[in-house]
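Tertiary structure, described
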Amino acid sequence: MQFRRQALARLQSPEELDLPVRLARPQGRLALSVALTAMAAASVWAVTGSVASTVDAPGVLTHGEGGYVLQSPVAGQVTAVLAEQGERLPAGSPVLKVRTGRGDTVVRTVAAGRITALAVTIGRIVRTGADVAAVEKVARAGEPLYATVYVPAENAASVPANAPVDLTVQSVPAQRYGVLRGHVASVGRAAQSARQIAAFLGDSQLGEQFTRKGRPVAVLVRLDTSSGTKSGYRWSSADGPPYRLDSMTLASGSIRLAAQRPVDWLLP
């Protein structure tokens, strides 16, 4: 009742009608202006800004032409292994000898390369078409390494040409030596099956490993070179590891995708 009487008394006092009315405190006006400025900046960024993202995918260090799996053209028993793992051979070089009912057959390299793995030993029985060796297609020493990164198919279209790539190499401690630097050289046109990956890398296990979450797209990464490091390539650290890199070393690539608009506007 007391507040009601005070309100009625103010209404009955015409001399107070000309007093100014405070609509907002200065602190309130400041907060309102800050909020409006922030909303305006957000609207401009939503129209003209972009969001940069990355995709992480497994990969392997290779030479540019990849490799192949050498298979036995006959069934029989291995009587001699004529090549050593790590040996570089020209095309048509003997790798092993298989004894069949019709005599001995020499299994030879299809193309020049380096033997990265031998899957047979003397005395083993092989069938026709059995994998006997993995050969990397490298004709001479000193050929540059690349990285082949297998990106999920849904992200491949967003990988721009020459995009920067950071590679964490399995054989190099990243906390000590950092990551390997590179740029996208090319992006595959179609997703690859486990068999296609195995045929390129010369390793059926890698084909299965890289397709566990679906058929990926191969992205070829050109490694940045450097004359100031032992490996011959550029790292996020100054010197990188104090040793050279080997092909067929597993790595994980982080590729920067093309910038995308944060908001899709729907117009009537």
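Each remark here, short or long, concerns the structure printed above.
A brief look at the structure comes next. Along every chain, residues carry numbers that run from 1 in the direction the sequence is written. Thresholds applied to this predicted model are a pLDDT of at least 70 for local features of residues and 80 or more for the giving and counting of side-chain atom pairs; totals over whole chains, interfaces and linings are not thresholded and use all residues. As a rule here, side-chain values come from all non-hydrogen atoms in the structure, and water together with hydrogens is ignored.

A separate point is the pattern of salt bridges. Salt bridge, as applied in this entry: a Lys or Arg side-chain nitrogen positioned within 4 Å of an Asp or Glu carboxyl oxygen. Per the counting criterion, the structure on display carries 4 salt bridges. For aspartate 104, the salt bridge goes to arginine 99, with nearest N and O atoms at 3.3 Å. Any residue under 20% of the maximum accessible area for its type is buried, any over 50% is exposed, and the rest in between are partly exposed; the area is computed with a 1.4 Å probe on protein chains only. Aspartate 104 gets classed as partly exposed once you look at its relative accessible area, which sits at 44%. Exposure remark for arginine 99: the relative accessible area of 49% places this residue in the partly exposed category. Linking glutamate 136 and arginine 114 is a salt bridge whose minimum nitrogen-to-oxygen distance equals 3.2 Å. Here glutamate 136 is found in strand S9 (residues 131-136), whereas its partner arginine 114 is found in strand S7 (residues 113-118), with 22 residues between them in sequence. The burial state of glutamate 136 is the same as that of arginine 114; both residues are buried. Think of it this way: any DSSP run of H or I at least four residues long counts as a helix, any run of E at least two long counts as a strand, and we number them from the N terminus.

Take the side chain of aspartate 224 next. With respect to the element layout, aspartate 224 can be found in the loop between strand S13 (216-223) and strand S14 (250-256). Throughout this description, a polar contact denotes any pair of N or O atoms lying within 3.5 Å of each other; where both atoms belong to protein, one of them has to be capable of donating a hydrogen while the other can accept it, and for residues adjacent in sequence the pair is counted only when both atoms sit in side chains. Here histidine 183 takes part through its side chain, which lies 3.1 Å from a polar atom of the side chain of aspartate 224. Not counting residues within four places of it along the chain, the set of residues in contact with aspartate 224 comprises Arg181, Gly182, His183, Tyr233 and Arg234. The contact rule is simple, with two residues in contact once any of their heavy atoms fall within 4.5 Å.

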